[in-house]
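# Structure assessment
One-letter residues, chain by chain:
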Amino acid sequence: MLSNKKILTILVGVVIFFIAAALISGIESTTRVSTDSSGSQATGGASTNPSMTSGGKYVVFESAASNLISGGNTTSDIYRKDTSANTVILISADTSGAAANGPSSDAVISATDGRYVAFSSSATDLISSDTNSVSDIYRRDITGNATVLISANTAGGAANGGSAKPSISADGRYVAFHSAATDLIASDSNSATDVFKAAQQL
Ligand SMILES: [Ca+2]
Ligand SMILES: [Ca+2]
Ligand SMILES: [Ca+2]
C-alpha cells in the first residue's frame, strides 16, 4: 500500500508534468490578420500567401476581398497589415494610389523593418510605362510611397516575357525572381525561364 504522502507526491508530479508539456507545446494565441483596419473580416474573396517581418509586426498577403481598404476592387491586391496598430494599407497601388487594374500576387516583405514589399502583378498601371501585357515584378517602398519596376529590361523598360515569384533580401535592396524574358540581361539565348537578382537603391 502506498502512503498518502507518496500518492500526493505522485499526483503533484503528474500535474507538474502536464503543465510543463502544455507550456512547451501550446499555441499562445491565434489572431486573424486579413481584416480591415477596424477589424472587420474580409468579404468577397480569399486572402492567401502571407510573408512576415522577422519580429512578426508586419504581415503582407494577397487578397481578392474588396473591403480591406476603401475603394477596393474585385481583383487580387497586396496588403500590409501592422499587427500592432491593426492598420491595413494597400501595397499594389497604381500611380494615383488606387487599387491596380489587374491581379497582384506573390508578396514578400523585407524582414528587417518591413519597409519594402516585392510582388508580381499583371496590372498595367503600377508604373507609367508598362506596355508588355504580362506579369512583372515590382518593389514598393512604403516610406517613400513609390513603386519601381524590378523586372526591367536592359533599357529600363518593360521586359519581353513574364516574371514571377520574387524573393526579397532582409534590407529590401535585392529582389530575386524568375522570368521567361530574354532581354533582362545582354545574352540570354537559352529559350528557358531563368532566375535573376536585381539590385535597387534603398
Ligand atoms: Ca482588389
Ligand atoms: Ca506587365
Ligand atoms: Ca532565359
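The structure we're discussing is the one just above.
Our subject in this report is the structure included herewith. Because the structure is a prediction, the values reported are computed rather than measured.

## Thoughts on the sheet that holds strand 4 (residues 87–90)
Strand pairing in a sheet is mediated by backbone hydrogen bonds. Such pairs are either parallel or antiparallel. Spatial strand order, 1-2-3-4: 4 strands in an open sheet with antiparallel pairing. The open sheet is flanked by strand 1 (47–52) and strand 4, the only strands paired with a single partner. Direction aside, the axes of adjacent strands within the sheet are offset by 25° on average. Relative to strand 2 (residues 58–63), strand 1 runs antiparallel, the two sharing 4 bridges. Directly across from Ser47, in strand 2, lies its bridge partner Ser63.

## Here's the deal with the sheet that holds strand 10 (residues 174–179)
Read from one edge of the open sheet, 3 strands run 9-10-11, paired in antiparallel fashion. Because the sheet does not close on itself, it has two edges, and the strands there are strand 9 (163–168) and strand 11 (194–199). With direction set aside, neighbouring strand axes in the sheet form an average angle of 25°. Alignment of strand 9 against strand 10, held across 4 bridges, turns out to be antiparallel. Across the sheet, residue Ala164 finds its bridge partner in strand 10, namely His178.

## A closer look at unusual backbone geometry
Phi is positive for Asn49, close to 55°, though the residue is something other than glycine. As for its placement among the helices and strands, Asn49 is situated in strand 1. Classification of Asn49 as partly exposed rests on a count of 16 C-beta atoms within 10 Å. The phi torsion at Asp106 lies on the positive side, around 60°, for a residue other than glycine. With respect to the helices, strands and loops of the structure, Asp106 is situated in strand 5 (residues 104–109). With 20 C-beta atoms counted inside 10 Å, the residue Asp106 sits in the buried group.

Definitions and limits used
- Residues numbered from 1 in each chain as written.
- Chains lettered and ligands numbered in written order.
- Predicted model: local features only at pLDDT ≥ 70, side-chain atom pairs only at ≥ 80, totals over all residues.
- Pairing = 2+ DSSP bridges.
- Helix = DSSP H or I, 4+ residues; strand = E, 2+ residues; numbered from the N terminus.
- Axes fitted to C-alpha atoms, helices over the stretch in contact; angles between N-to-C directions.
- Buried ≥ 20, exposed ≤ 12 C-beta atoms within 10 Å, placed from the backbone.

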